[in-house]
Amino acid sequence: MKFTVGRKLAVSFGILLFIMILSGFIVITQLGSIRTNLNEIVNVANPISSAAYETEINLIGTGFGLLGYLEDRDPEHLNRIKEDIKEFKEFQDIHNSLTTTIKSKELSVQVNDQFSHYTQLAYKIVNLEDDQHKKMTKLFGNHVKMDDLLDNKIQAVLSSDDTGNYKKLVAAMELEINVNGIAKGLGEYLRTHDSRHETRVMKDESDFMHFWKQYLSSGLTPEEKIWAEEIAALFR
């Protein structure tokens, strides 16, 4: 068969069209493959990023919960700490399941270890705060009892007109001064952490024991001896 110029052009255009269609098919196929790969990357990367973001939120939440509890001792802060720790572990597990590189897995292990240590310290601080609160409640409760004992019993039975009671009265008044001095010094120390207030507390404590012994040796009645022992027990 003899090919004319027109037939040759038609064949050439046909071949070109076939090549274009084939190339287009290949391009579309490649684009589809790339899109699939990109979707896989996005589907993995997004959960990893979201998980990491959520763990950071939970970490910060735990810190704020701890600070809140130290501020006002509201039990709701403890619930927040517990919930944030629970959610941190859940999102960290998601993050661990999606990481693929050795470096990422090593970092996940480090994060888990550090967070575990962090939560242990957080609860230790909570326990210390609870213990301090109990001790402070007992301390100031004892202060109120000692002040009441000094005012309404020890000093109430003493008359400044009775020269025989002068030594008792002076000792009892000094005891009250020392008790109030200790409470004030302790309050100032907790507020400022100034060591000068700590020194004052120690001085008042020493003076209290000095005047308690002076009161004890000043010819007490049986009832006054009982009060003296009561105030000593409260002071210890």
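Residues numbered from 1 in each chain as written. Predicted model: local features only at pLDDT ≥ 70, side-chain atom pairs only at ≥ 80, totals over all residues. Heavy atoms only, no water.

Visitor: Please explain the overall build of the protein chain as it appears in this structure.
Guide: Within the protein chain, the regular secondary structure consists of 6 helices and 0 strands. Shown N-terminal to C-terminal, the secondary structure of the protein chain runs as helices and strands in the order α-α-α-α-α-α. When the 236 residues of the protein chain are sorted by exposure, 28% land in the buried category. In the form shown here, the protein chain has an accessible surface area of approximately 16200 Å², with 61% of it arising from carbon and sulfur atoms. (Helix = DSSP H or I, 4+ residues; strand = E, 2+ residues; numbered from the N terminus. Buried < 20%, exposed > 50% of the residue type's maximum accessible area, 1.4 Å probe, protein only. Areas by Shrake-Rupley, 256 points an atom, 1.4 Å probe, with all protein chains shown as cover.)

Visitor: Before we go on, may I ask you to explain the packing of aromatic side chains in this structure?
Guide: For the structure on display, the rule yields 3 aromatic pairs. With a centroid separation of 3.5 Å and 15° between ring planes, the pair formed by Phe 88 and Phe 115 is classed as stacked. Here Phe 88, found in helix 2 (residues 75-98), pairs with Phe 115, found in helix 3 (residues 102-154); they are 27 residues apart in sequence, far enough to count as distant. Overall, Phe 115 belongs to the buried group, its relative accessible area being 5%. Taken together, a centroid distance of 3.8 Å and an interplanar angle of 10° make the contact between Phe 208 and Phe 235 stacked. Of this pair, Phe 208 sits in helix 5 (residues 195-216) while Phe 235 sits in helix 6 (residues 222-235), placing them 27 residues apart in sequence. An identical accessibility class is assigned to Phe 208 and Phe 235; each is buried. Feature note: the residues Phe 88, Phe 115 and Tyr 118 constitute an aromatic cluster, connected by ring pairs. (Phe/Tyr/Trp six-rings, centres within 6.5 Å; stacked < 30°, edge-to-face > 60°.)

Visitor: I'm lost on a negative patch on the surface in this one. Help?
Guide: A cluster of acidic residues, Glu 71, Asp 72, Asp 74 and Glu 76, forms a negative patch on the protein surface. Counting through the fold element by element, Glu 71 comes out in helix 1 (residues 5-72). (Patch = residues over 30% accessible without salt bridge, like charges linked within 9 Å, V, L, I, M, F, W, Y side chains within 5 Å. Salt bridge = Lys/Arg side-chain N within 4 Å of Asp/Glu carboxyl O. Lys, Arg positive; Asp, Glu negative; His and termini not counted. Charge placed at Lys NZ, Arg CZ, Asp CG, Glu CD.)

Visitor: Even after reading the chapter, I still don't get the packing of helix 3 against helix 6, so can you show me in this structure?
Guide: Axis angle and axis distance: for two packed helices, these are the angle between their axes and the distance between the axes, and together they describe the pair. Where helix 3 meets helix 6, the axes come as close as 9 Å, and the angle between the chain directions of the two elements is 160°. Classified by the angle between their axes, helix 3 and helix 6 sit roughly antiparallel to one another. By crossing handedness, the relation of helix 3 to helix 6 is classed as left-handed. Counted together, Asn 142, Lys 145, Met 146, Leu 149, Leu 150, Lys 153 and Ile 154 of helix 3 and Trp 227, Glu 230, Ile 231, Leu 234 and Phe 235 of helix 6 form the full contact between these two elements. Residues of the contact of helix 3 with helix 6, tallied by class, amount to 8 nonpolar, 1 polar and 3 charged. (Axes fitted to C-alpha atoms, helices over the stretch in contact; angles between N-to-C directions. Parallel < 35°, antiparallel > 145°, perpendicular 65-115°, else oblique. Left-handed = near helix turned anticlockwise from the far one by under 90°. Contact = heavy atoms within 4.5 Å. Nonpolar A, V, L, I, M, F, W, Y, C, P; charged D, E, K, R; others polar.)

Visitor: Is there a simple way to think about the nonpolar core in this case?
Guide: Where a protein is soluble and globular, its nonpolar side chains tend to be buried together. Ranked by size, the top nonpolar core spans 23 residues in total, and within it Ile 154, Leu 175, Phe 208, Trp 212, Tyr 215 and Ile 231 carry the most contacts. Broken down by secondary-structure element, the contributors of at least two residues to this core are helix 3, helix 4 (166-192), helix 5 and helix 6. For Trp 212, the residues in contact, after removing those within four places along its chain, are Leu 175, Ala 228, Glu 229, Ile 231 and Ala 232. Residues Leu 66, Tyr 69, Phe 115 and Ala 122 belong to the second largest nonpolar core, which totals 8 residues. (Core = buried A, V, L, I, M, F, W, Y, C linked by side-chain atoms within 4.5 Å.)

Visitor: Mind showing me how you'd approach the packing of helix 3 against helix 4 here?
Guide: Relative orientation of the contacting elements helix 3 and helix 4 amounts to 155°, with a least axis distance of 10 Å. One way to sum up the angle between helix 3 and helix 4 is to call them roughly antiparallel. The interaxial crossing formed by helix 3 with helix 4 has left-handed handedness. Residues Gln 132, Met 136, Leu 139, Phe 140, His 143, Met 146, Asp 147, Leu 150, Asp 151 and Ile 154 of helix 3 pack against Ala 172, Leu 175, Glu 176, Val 179, Asn 180, Ala 183, Leu 186 and Leu 190 of helix 4. Residue composition of the contact of helix 3 with helix 4, grouped by class: 12 nonpolar, 3 polar and 3 charged.

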